[in-house]
Amino acid sequence: MPLPPSDLAPLDLPSPIPARLARLPELACDVWWTWNWRAREVFRRLDYPLWRQTAHNPVLMLQTMAPERLERAAASRVFLELYDEALAELDAARRGDTGWWPAQHGGPGAPPIAYFSAEFALHQSLPIYAGGLGVLAGDTCKQASDMGLPLVGVGFMYPQGYLRQKLSADGWQEEVYQQLDWSQAPIERAAGEDGEPLVVSVPLNARHVDVAIWQVRVGLTRLYLLDTDLEPNAPWDRELTARLYGGDRETRIQQEIVLGVGGVLALRRLRIAPVLWHLNEGHAAFVVLERLREHVEGGRGFDDALEDVRGTTVFTTHTPVPAGHDQFPFQAIETHLAGCWGALAEHRERFLALGSWDSGAGTQFNMTALALRTAGRTNAVSALHGIVTREMWANIWPDEAQVRAPVMSVTNGVHASTWMATDMARLLDRYLAADWRDRVDEAAVWAALAEVPDAELWTVRQLLRGHLFTFIRERMRYRWRVDGVAAPRVVAGGILLDPAALTIGFARRFTPYKRPDLVFRDPDRLAAILNATRQPVQLVFAGKAHPADEGGRHALQRVYRHALDPRFAGRVAFVDDYDLHVAHFLVQGCDAWLNNPRRPLEASGTSGMKACVNGVLNISIGDGWWPEAFDGTNGWLIDPGLASDDAEAQDAADAAALYRLLEDEVVPAFYDRDEDGLPRRWIAMVRRAMTTVGPRFSTARMLKDYVTQMYLPLLR
Ligand SMILES: *Cc1c(COP(=O)(O)O)cnc(C)c1O
């Protein structure tokens, strides 16, 4: 892959870095460190309190650290050894000559896959994600680096990120947007050969908007982020990319033009020529428009151009919820695409037909329809989601005899090196093959978990629960002392949680179909479960509601009120401002992970997979990925024995099934201890969950599936 010439802009540091540690800023500015335990250890050891204070932000650490600490590190043999090894591994990752792809398909230097996504979740210091879609995109970039697969990401750099969540005394979500200080994040402007920052000019309506290109280093992978907050742009244009999912429909369509059309222009400016264009969700589908325009201006006919685009476009759809698919009135398309047509103008009608879709409330221009009709391969993100998607879009090609591109399924996975707690990874280091991290999708590798003694596995599980409670306590101490929240809210935040009690986590976007408060349907029955004298249970919640999602905001408030309710005695907690950082502690530290969406509306879900790689047991409705993973021994299925169109009846049946599971199976399995104090049945399930889910629901398996089932067959 031809890497652009831009080199690392020097960090603006208050004091010089000792010469022996000259590459520290480089290590801090490549998010590769987030999933390499040696690199993480480098920064932890440099200044552990600061590491925690900055929420693991090495860039900020280097800017604020006392120079003596750096001097001391530079004189420590142990530290230097770690530092040298971490940098050697970073160099190896950037070379990209090892891993699955080079071994199968030749060395580095091949043209990359361009992966377009409206969000990327790489680290909490880069808040350019809202939830699961971003986590999948971020994990994909990291996995591509691990596998030596040439891939460049294209997305947005939202200067105000996604909302920060603040709660009122009564649990009403207030959204806070903060302008980020990008000098404190691992990001830099992409520069051209002359060293000048690159800017592309994107046509919007009758004007042009300047778009800056930022880059994030992700080991071998590069991520390019677009940003309209530039001096010559009008104030409203500078605001266009300010926030993720922040604006109205008009903002949204313009953002999508910037992402799709601007993204192609940016890659051209960077002299990157992708072999394949992967659209992660319909937000990026205007890539197709720009590519068709390029072809037509190069002298090709429309059909010819479309054939070419189909042969090089892959589309992943992510939601079975109809409202989750972006669509716009043709009037808006007319207005905002006015400057984008070029020579494609004479084929305008044909292009518009590609996005035309009647969702039942009139025909609009639908981004998913556009992507489905122009991608050579499309996939859903779980087997069940594949079935739902094929049905949902069955009429997409009404005039054609055969379905052009049947929707396949590539079930999501998670990047184990990102999500597995260090304590757990160190345990696996002792019992699994030395190269288990590189072979994380091989069942045989995980089978060696059988060798881990119960007591050791349980010790790590206890340790991780402890880390979660330390984190929650520290956070509430801060909220109390610095933010001045009232004492009851310190309780609602989890200060009374019992570090030895069975802890069940629920952390995800608050939206009605995920039914965040289902477990409170019968509060008396729940209170009895939670307050059982010898077998207490506690529930920890976290999650944001989209600002426009009234149902989600109300559900959040109901949950928060339960957390404040004395009858639950502090055994229900709500951790505010859910993000990657909070997610790490929760998916590692809980004992069980609750997932109770209204079937079949959860396309896949990934937090349950993150839980599994840490030995956390799923308690889940048979939706999304779980039917593929559940085997009766590796977690629990909430089985209401009923599928009803009546939401009320379904909720009642699902809640009843959940209570039965908790009372009859989950709680007894956790508290049934032998004479050594070990819950043998529980530990056996932990082992099963890790062994069965770890390999199959890894991004290693997932990305290989993408390569072999989606990318290569198309390119052949
Ligand atoms: C993993 C993750 C998600 C997605 O979780 P789901 O189970 O798919 O809902 C959302 N937000 C954050 C911060 C995550 O880490």
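Since we're looking at a predicted model, the values are computed, not measured. (Residues numbered from 1 in each chain as written. Predicted model: local features only at pLDDT ≥ 70, side-chain atom pairs only at ≥ 80, totals over all residues. Heavy atoms only, no water.)

1. Brief notes about the site of the ligand
Surrounding the ligand, one finds 14 residues, the nearest of these being Lys514, Gly605, Thr606, Ser607 and Lys610. Here an oxygen atom of the ligand and a side-chain polar atom of lysine 514 are 3.2 Å apart. The separation between an oxygen atom of the ligand and a polar side-chain atom of serine 607 is 2.5 Å. Across the complex, the protein chains shield 94% of the 390 Å² of accessible surface that the ligand would expose by itself. (Near = heavy atom within 4 Å. Polar contact = N/O pair within 3.5 Å; in protein donor to acceptor, adjacent residues only side chain to side chain. Areas by Shrake-Rupley, 256 points an atom, 1.4 Å probe, with all protein chains shown as cover.)

2. Side note on the packing of aromatic side chains
For the structure on display, the rule yields 27 aromatic pairs. Note on tyrosine 560 and phenylalanine 574: the rings are 6.0 Å apart at their centroids and 75° apart in plane angle, and the pair reads as edge-to-face. A residue pair is termed long-range when its members are at least 10 positions apart, and tyrosine 560 in helix H23 (residues 550-564) and phenylalanine 574 in strand S18 (residues 572-575) qualify at 14 residues. Among the residues examined, phenylalanine 574 registers a relative accessible area of 2% and is labelled buried. Aromatic pair tryptophan 625 and phenylalanine 697: ring centres 5.0 Å apart, planes at 70°, arrangement edge-to-face. On the criterion of sequence distance, the pair formed by tryptophan 625 in the loop between strand S20 (617-621) and helix H26 (626-629) and phenylalanine 697 in the loop between helix H28 (680-696) and helix H29 (699-715) is long-range, its members being 72 residues apart. (Phe/Tyr/Trp six-rings, centres within 6.5 Å; stacked < 30°, edge-to-face > 60°. Helix = DSSP H or I, 4+ residues; strand = E, 2+ residues; numbered from the N terminus. Buried < 20%, exposed > 50% of the residue type's maximum accessible area, 1.4 Å probe, protein only.)

3. Considerations on the nonpolar core
Grouped together as the largest cluster of nonpolar side chains are 140 residues, with contacts concentrated most on Phe43, Leu46, Phe116, Leu267, Phe286, Leu292 and Phe351. It is helix H10 (residues 249-269) that contributes the most residues to this core, nine residues altogether. Look past the residues within four positions of phenylalanine 286 in its chain and what remains in contact with it is Ile253, Glu256, Ile257, Gly260, Val261, Ile333, Leu337, Phe365, Met367 and Leu370. Residues Leu428, Ala492, Ala583 and Ile638 belong to the second largest nonpolar core, which totals 104 residues. (Core = buried A, V, L, I, M, F, W, Y, C linked by side-chain atoms within 4.5 Å. Contact = heavy atoms within 4.5 Å.)

4. Brief notes about the domain arrangement of the protein
Along its sequence, the protein is organised into domain 1 (5-95), domain 2 (107-412 + 707-715) and domain 3 (420-694). In this structure, domain 1 and domain 2 have C-alpha centres spaced 33 Å apart. The partner domain 2 presents 25 residues to the 23 residues of domain 1 that form the contact. Between domain 1 and domain 2 lies a buried interface of about 1,800 Å² when both sides are counted; carbon and sulfur atoms form 55% of it. Counting every contact that joins domain 1 to domain 2 gives zero salt bridges. At the junction of domain 1 and domain 2, the tally comes to seven residue pairs in polar contact (both at pLDDT 80 or more). Put simply, the parts of the chain that give the side of domain 1 that touches domain 2 at least two residues each are helix H4 (58-64) and helix H6 (77-95). For the side of domain 1 that touches domain 2, the per-class residue count stands at 14 nonpolar, five polar and four charged. (Domains from an automatic or database assignment. Buried area = accessible area lost by both parts, 1.4 Å probe. Salt bridge = Lys/Arg side-chain N within 4 Å of Asp/Glu carboxyl O. Nonpolar A, V, L, I, M, F, W, Y, C, P; charged D, E, K, R; others polar.)

5. Describing the pattern of salt bridges
For the structure shown, the criterion picks out 61 salt bridges. The residue arginine 69 makes a salt bridge to aspartate 47 at a minimum N-O spacing of 3.7 Å. Here arginine 69, found in helix H5 (residues 67-74), pairs with aspartate 47, found in the loop between helix H2 (37-46) and helix H3 (48-53); they are 22 residues apart in sequence, far enough to count as distant. Using a relative accessible area of 11% as the deciding quantity, one classes aspartate 47 as buried. Among the ionic pairs, arginine 465 bridges to aspartate 591, the shortest N-O distance being 2.9 Å. Of this pair, arginine 465 sits in helix H20 (residues 454-481) while aspartate 591 sits in the loop between helix H24 (580-589) and strand S19 (592-595), placing them 126 residues apart in sequence. There is no split in this pair, since arginine 465 and aspartate 591 are both buried. Where salt bridges share partners, they join Arg23, Glu26, Asp30, Asp91 and Arg94 into one cluster.

6. A word on the sheet that holds S18
With parallel pairing, the six strands of this open sheet are ordered in space as S18-S17-S16-S19-S20-S21. Two strands in the sheet have a free side with no partner beyond their single neighbour: S18 and strand S21 (635-638). On average, each strand axis in the sheet is inclined to that of its neighbour by 20°, with strand direction left out of account. When strand S16 (residues 502-507) meets S19, the two strands line up parallel, connected through two bridges. Across the sheet, the residue bridging to glycine 505 is tryptophan 593, located in S19. Where helix H22 (residues 523-530) meets the sheet, it contacts strand S17 (537-542) and S18, and its direction lies at approximately 115° from that of S17. The sheet strands contacting helix H27 (residues 647-671) are S16, S17, S19, S20 and S21, and the helix crosses S21 at an angle near 160°. (Pairing = 2+ DSSP bridges. Axes fitted to C-alpha atoms, helices over the stretch in contact; angles between N-to-C directions.)

7. A look at the environment of glutamate 663
As for its placement among the helices and strands, glutamate 663 is situated in helix H27. Residues glutamate 663 and glycine 694, 31 residues apart in the sequence, show an inter-C-alpha distance of 28 Å. Sequence-distant contacts of glutamate 663, defined by excluding residues within four places in its chain, comprise Arg525, Ile529 and Pro668.

8. Looking at the side chain of arginine 687
The residue arginine 687 is located in helix H28 in this model. The class of arginine 687 is buried, set by a relative accessible area of 14%. Reaching out from arginine 687, the side chain makes a polar contact with the backbone oxygen of valine 452 at a distance of 2.7 Å. Discounting chain neighbours no more than four positions away, the residues touching arginine 687 are Leu449, Ala450, Val452, Pro453, Asp454 and Leu457.

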